[in-house]
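Given next are the chains, with one letter for each unit.
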Amino acid sequence: MREELHRFFRAARGAGVRVSPAESIDAMKAVADVGFAERGILRDTLLLTLAKSQEEKQALGDCFDLFFSQPETPEHAEPDDTENSKGGDSSQGENQPGGEGAPPPELGDLAQMLMSRDRNAIAAAMAAASNAASLSDIRYFTQRGIFSSRILEQLGIERLRDDLDALTASNPGDAERLAAALEALRENVREVVNQALVLYGREETENLRNEILRNAPLARLERRQVEQMKALIRAIARRLRERYSKPRKRQRRGHLDTRKTLRRNAAWGGVPFLTSWKRRHRDRPKIVAICDVSGSVAQVSDFFLLLIHSLHEVVDDVRSFAFSGHLIEVSDILDTKSPEEAMSEIMSKVGFGSSDYGGSFKDFEKDFMRSVTPKTTVIVLGDARTNNLDPRADILRTISERSKRLVWLNPEGRMAWGWGDSEMPRYSAFCTVVRQCSTAKQLERAVSDIVAAYQ
Amino acid sequence: MNTHLPAHSIEAVTRGLASAGYIASKQIATAVYLAERIEKPILVEGPAGVGKTELAKALAAWRGLKMIRMQCYEGLDEAKALYEWKYAKQLLYTQILKDKLGEVLGGADTLAAALGKLHDFGDVFFSKEFVEPRPLLQALEQANGCVLLVDEIDKSDAEFESLLLEILSDYQVSIPELGTVTAIVKPTVILTSNGERDLSDALKRRCLHLHIGFPEQKLEERIVESRVPGISATLRKQIVGFINQVRALDLKKLPSVSETIDWARVLVLLQSSELDHETVKDTLNVLLKYEADIETTIPQVSSFVAKAGRQGVFG
């Protein structure tokens, strides 16, 4: 039964519930105490010791139900089985004086089990074979075939085939029955493997998918991937928040401020009753984001804005601007609306134009230049394709001079910079950093670096 | 002395809590049973007013133990949670020491000898007498054990959680000047959280995680029965039926068990034997705490009352 529990822990990990060794020890202890007798109590116990949040409880509950509902052994083989045996009764009686149900002794173990329809024995053999084939190692759906054949091998399919050949010659009725039972067995094994895949493979499959997604170009996502990408971006945001929101607090208190302390305690003749401390000043990032939302860059901007605006704990102040033909401020839209609504509103206001970098920078200079202070990091996201209009790099220079850092994120590959109407080389002269940023991974890196610069 | 043996079965826990006036669901009873068996704290999460705090009180009442409660809030630190030095007494002590210094050092000729004598003299400046125990330390010092309730842990700062870890896993506290204080009898620890922020994994790992949601209708009826004596069976059924329908609405704050109990008490006070449209409308403010919620509910009251009434007849 301990084996069983260990396999359940693996299944739980597959379902996305993190089970640490310490927790599994606790669960073992607890289960040893309540016993296996009552399923409801066992379920409650495992939920109490392993799951640490409401979602995990849900996932683990489902996993438990799936795990402890092993597929039934060949039920559907039975009806035609009995029909067959009715028909083949007389012939069997002649051959086998031992009576109905007792299979001929010269058959292999598996054939005997199938012929006598010993459901418990089959289930036990199947469990043993699954263990021998280390079925719980299954990770990807491509491995289904190989695991099925491994299990069948362990069950002794070779011997069964020989038996079947022999029987077809000597006793066609029994052979037919055996063939039907074999078919049912195969189906059963497939089912067991499928279930194992659901139980143990989920995590790996998800990891694989996330890995692919992280490196997929944001601009060319399929519709169904967009949802998954949003979840991934949220996970990235959470990771960044966790990494950057904590240490800042701890480092705030510095050394004793002697002068200030003496001054404060002058009333007591310089006896330091009240102490004052030097505080290390750490600015939280102030960010001004200027995003191109035209054409192929739009999707990257979407995800970037989504990410930046979910970093409230880490970032003090974000002002976002979107432009294609002209530039508007979109901070309020992003803060008050759900991501989908916000994006569609932004797109309807400024999207779908050909981008005019010079004009948009001019808009920015006119209305919003005051938002750039020496503490601000300005992030420009765009492909710098100006459609051969005036790039107004001089405005970018002013921005660069006024700000702490100017970061340019370009979704295009470095190869393309400077080709055609790309003004990247001219702009990049004024940027502190220029990065390529076309996948979620690069996006995370870029934002992480920006936030880290303030730590 | 009260011998504190863990209950021998889950049913015994259910009965015990019931004797203290707490009707526990199976999950709750299992959690309490396991907590005593494998000596782990319970972290209780759930919406406000479903009886998280009440569980600790009931447990203490049933076990006949002292309950030590620590209410968490932002800015709670170890001086308020663990221990503090009695500064005034320490100052006084140094004063006395100064006066008696001559006697202590009596007749030492050289500085080295005087220092030697001073070292031999027991140092009590940092000693047990000068420690002011705060709730967490108090809980460890109870000779009979106790129930320690750390209420609304999600209100405290993240740093405070780390402070709790030592207590939760080893039932001990380290005081740098004194050493480690270990629990005489391991207290039963219950932490509650409203889920205002996510707790750290380290904390969660050390606890059994129990989520108390709104109880099922049958269970809630039994809770009302135990908490509001003298309420008629029909009214009880109707009240619970009505509230369950209200919980299906989109409200800012759903009425929880404590509101059910309050409302039942109010209705008993008003001597109503059945739920009717007018009384419900007049007493809705006991149930719902926001003006907007009341406005949402009022149009539905008649149909809810009718439905609840039918349940009362057939249920």
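Scroll up for the structure.
Think of each chain on its own: its residues are numbered from 1, step by step along the sequence as written. Chain labels run from A onward and ligand labels from 1 onward, assigned in the order the entries are written. Local features in a predicted model are, by the rule used here, given only for residues with pLDDT of at least 70; side-chain atom pairs are given and counted only at 80 or more, and totals for whole chains, interfaces and linings are based on all residues.

Draft legend 1. A look at the overall build of chain A. Where helices and strands are cited, they refer to DSSP runs of H or I of at least four residues and of E of at least two residues respectively, numbered from the N terminus. Scanning chain A from terminus to terminus reveals 22 helices and eight strands. The 455 residues of chain A split such that 35% are buried. Counting only contacts in chain A whose residues sit at least 6 apart along the sequence, the fraction spanning at least 24 positions is 73%. The burial criterion counts other C-beta atoms lying within 10 Å of a residue's C-beta, which is placed from the backbone; the residue is buried at 20 or more, exposed at 12 or fewer, and partly exposed between these limits. What counts as a contact here is a pair of residues whose C-beta atoms, placed from the backbone, lie within 7 Å.

Draft legend 2. Representation of the sheet that holds strand β1 (residues 42-45) of chain B. Residue and element names in this part refer to chain B. The five strands lie next to each other as β2-β5-β8-β1-β9, forming an open sheet whose pairing is parallel. Looking along the sheet, the strands with just one partner apiece sit at the ends: β2 (66-71) and β9 (208-211). Taken over all neighbouring pairs, the strand axes of this sheet differ in orientation by 20 degrees on average, direction set aside. Note: β2 against strand β5 (residues 146-151), six bridges, orientation parallel. Bridging across to β5, arginine 69 finds its partner in leucine 149. Seen against the sheet, helix α3 (residues 52-63) touches β1, β2, β5 and β8 (188-193) and runs at an angle of roughly 170 degrees to β5. Between any two strands, at least two bridges found by DSSP are needed for them to pair. Each axis is a line fitted through C-alpha atoms, and for a helix only the stretch in contact is used; angles between axes span 0 to 180 degrees, taken between their N-to-C directions.

Draft legend 3. Representation of the interface of chain A and chain B within the structure. Across the boundary between the two partners, chain A contributes 18 residues, which contact 16 residues of chain B. Looking at the side of chain A that touches chain B, the elements that each hand over two or more residues are α2 (21-34), α3 (39-50) and α4 (54-67) of chain A.

Draft legend 4. Representation of the sheet that holds strand β6 (residues 376-381) of chain A within the structure. Residue and element names in this part refer to chain A. Overall, mixed pairing links the six strands, which are arranged β5-β4-β3-β6-β7-β8 in an open sheet. Edge strands, defined here as strands with exactly one partner in the open sheet, are β5 (327-329) and β8 (433-436). The sheet shows a mean angle of 20 degrees between the axes of neighbouring strands, taken without regard to direction. As paired strands, strand β4 (residues 317-323) and β5 are joined by three bridges and run antiparallel to one another. For phenylalanine 321, the partnering residue across the bridge sits in β5 and is glutamate 329.

Draft legend 5. Molecular detail of the packing of helix α1 (residues 2-14) of chain A against α4(A). Residues and elements named next belong to chain A. Put simply, α1 and α4 touch, their axes get as near as 10 Å, and they point 135 degrees apart. In terms of their interaxial angle, α1 and α4 are classed as oblique. The crossing of α1 and α4 is right-handed. Taking contact as the criterion, the partners of Phe8, Ala11 and Ala12 in α1 are, on α4, Leu60, Cys63 and Phe67. Across the contact of α1 with α4, the residue classes tally to six nonpolar, no polar and no charged. Oblique is the label for every angle not falling under 35 degrees (roughly parallel), over 145 degrees (roughly antiparallel), or within 65 to 115 degrees (roughly perpendicular). It is the rotation of the near helix from the far one that decides the hand of a crossing: anticlockwise by less than a right angle makes it left-handed, clockwise makes it right-handed. In this classification, the charged set is Asp, Glu, Lys and Arg, the nonpolar set is Ala, Val, Leu, Ile, Met, Phe, Trp, Tyr, Cys and Pro, and all remaining amino acids, among them Gly, are polar.

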